[in-house]
Amino acid sequence: MTVSELLQKEMTAVAISEPGGPEVLKPVTVEVPQPDSGEVLIQVAAAGVNRPDVVQRMGFYPVPPGASPLPGLEVSGTVVALGEGVEPEWMGRKICALTNGGGYAEFCVAPIGQCLPVPESLTMTEAAALPETLFTVWGNLFNRGFAREGETVLVHGGTSGIGTMSIMLGKLFGLNVIVTCGSDQKCTAAKQIGADHAINYKSQDFVEEIQKITDGQGVEIVLDMVAGDYVARNLQCLKEDGRHVTIAVQGGLQATINMAHVMMKRLILTGSTLRPQSADRKALLGDELYNNVWPDVEAGKLKPVMDESFPLADAAKAHAHMEAGDHIGKIVLIVG
């Protein structure tokens, strides 16, 4: 089939029929998207399932202007068509990509700056589970949190996709990693993945445990996906000149903090969301990952922790599995 014929085809995708629970994810038939300038069209092999997909499905994560309304922020697959300005050697390559949406489909477009080659060390299913967490953790823990070798980081949600990637990436770059988890089983799993310490937040006060673990010194960085009333407690865990990086607000949008405490300890509070960032900014992250992290991926030193895979048609089951909270690592949809 020629590229021209391909772009005139229809494809199967999973769409959000209306805001709601997992059951609103419905298979649909839509046109194959066409790559704009600087983009590639990917025949999707697998698509990662991420918490922002769930939040979008519930109606709380608006789609950025120009992005696909279909869920799915990361894929693996084969490049089958090129937009204007993309070098011809990308044609036919197996890649994984951070998308701007549209990953829950047989075909998806992505800016070339957000694509990375799939090495032999990864299966296509594993490759689909890398981009969203890798871009997020690198951009926040290292770029915004200024993590340096020998420092200690506290990561909430230690067995989530973000949490497991934070553990592995942190250890590769010489960090001490402390995580919180919701059960003893998850704490054990987190330590097996590489966490130096794991705190069961349901049976232990993580602020007290941090003080014990660090001999009262505290940590340099908190990577927080909870927000809400966790923020004030997180700040108690930070040592002087500590950095608090928020990447999600699962515990609430509002936080009340003691600003005198922030000033006295010279704390930095920052955070980001990935999807609304510009293609240029994401391409810079992609370049940094390719130069600093991808050699370890190619050498087999960094692989995503995989939980369960579902067929694309069972996207609703995948979302229900994520919301149940029992998963450890990444959930993936198998597409082609």
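Given the structure is predicted, the values throughout are model-derived calculations rather than measurements.

Colleague: Would you take a moment to explain the pairing of strand β5 (residues 94–98) for this structure?
Modeller: The side chains of a regular strand alternate between the sheet's two faces. A large share of β5 lies buried, amounting to four of its five residues. Bridging between strand β4 (residues 74–82) and β5 involves five bridges; their strand directions are antiparallel. From the neighbouring strand, Ser 76 faces β5, where its bridge partner is Cys 96. Where β5 and strand β7 (residues 115–117) come together, three bridges link them in antiparallel fashion. In the strand pairing of β7, Ala 97 is matched with Cys 115.

Colleague: What's the story with the packing of aromatic side chains in this structure? I'm lost.
Modeller: Each aromatic ring pair is specified by the distance between its two centres and by the angle formed by the two planes. Tallied over the full model, the rule gives four aromatic pairs. A ring pair is formed by Trp 138 and Phe 142, whose centres lie 4.8 Å apart and whose planes are at 25 degrees; its orientation type is stacked. Taken together, the residues Trp 138 and Phe 142, both in helix α4 (residues 131–144) and four residues apart, mark about one turn of the helix. The pair Trp 138 / Phe 142 is uniform in exposure class, with both members buried. One aromatic cluster is present, formed by Trp 138, Phe 142 and Phe 173 through successive ring pairs. The lysine or arginine in question, Arg 93, covers the ring of Trp 90, its NZ or CZ lying 4.5 Å from the ring centre.

Colleague: Sorry if this is basic, but what is going on with the side chain of Ser 76 here?
Modeller: Residue placement: Ser 76 occurs in strand β4. Judged by its relative accessible area of 0%, Ser 76 is buried. Of the polar contacts made by the side chain of Ser 76, one reaches the backbone oxygen of Met 124; its length is 2.7 Å. Setting aside anything within four residues of it in sequence, one finds Ser 76 in contact with Ile 42, Gln 43, Val 44, Ala 45, Ala 46, Ile 95, Cys 96, Met 124, Ala 127 and Ala 128.

Colleague: It is not clear to me how the pattern of salt bridges should be interpreted in this structure. Could you clarify?
Modeller: Two side chains that carry opposite charge are able to pair once their charged atoms sit near each other. If you walk through the whole model with that rule in mind, you get 10 salt bridges. A salt bridge links Asp 205 to Arg 233; the nearest nitrogen and oxygen atoms lie 3.7 Å apart. Taken together, the residues Asp 205 in the loop between β10 (197–200) and α7 (206–213) and Arg 233 in helix α8 (residues 230–237) connect sequence positions 28 residues apart. In this structure, Asp 241 and Arg 266 form a salt bridge, with 3.0 Å as the shortest nitrogen-oxygen distance. Pair noted here: Asp 241 is in strand β12 (residues 238–246) and Arg 266 is in the loop between α9 (259–265) and β13 (268–271), with a separation of 25 residues, a long-range link. What emerges from the salt-bridge pattern is a single network uniting Arg 148, Glu 151 and Arg 243.

Colleague: Any chance you could explain the pairing of β10 here in plain terms?
Modeller: With four bridges connecting them, strand β9 (residues 176–181) and β10 associate as parallel partners. Looking across to β10, one finds that Ile 178 is bridged to His 197. The parallel pair β9 and β10 is bridged by helix α6 (residues 184–193), and the resulting crossover is right-handed.

Colleague: Whenever I open this one, the nonpolar core confuses me. Can you help?
Modeller: Nonpolar side chains tend toward joint burial in soluble globular proteins. Grouped together as the largest cluster of nonpolar side chains are 44 residues, with contacts concentrated most on Leu 134, Leu 141, Met 165, Leu 169, Val 179, Val 293 and Leu 302. Once residues within four sequence positions are removed from consideration, Val 293 is found in contact with Leu 134, Trp 138, Leu 169, Phe 173, Glu 288 and Leu 302. In terms of nonpolar packing, the next biggest core, distinct from the first, is built from 26 residues, Leu 25, Val 40, Val 54 and Ala 110 among them.

Cut-offs used in this document
- Residues numbered from 1 in each chain as written.
- Predicted model: local features only at pLDDT ≥ 70, side-chain atom pairs only at ≥ 80, totals over all residues.
- Heavy atoms only, no water.
- Buried < 20%, exposed > 50% of the residue type's maximum accessible area, 1.4 Å probe, protein only.
- Helix = DSSP H or I, 4+ residues; strand = E, 2+ residues; numbered from the N terminus.
- Pairing = 2+ DSSP bridges.
- Phe/Tyr/Trp six-rings, centres within 6.5 Å; stacked < 30°, edge-to-face > 60°.
- Lys NZ or Arg CZ within 6 Å of the ring centre and 35° of its normal.
- Polar contact = N/O pair within 3.5 Å; in protein donor to acceptor, adjacent residues only side chain to side chain.
- Contact = heavy atoms within 4.5 Å.
- Salt bridge = Lys/Arg side-chain N within 4 Å of Asp/Glu carboxyl O.
- Right-handed = clockwise from strand over helix to strand, strands pointing away.
- Core = buried A, V, L, I, M, F, W, Y, C linked by side-chain atoms within 4.5 Å.

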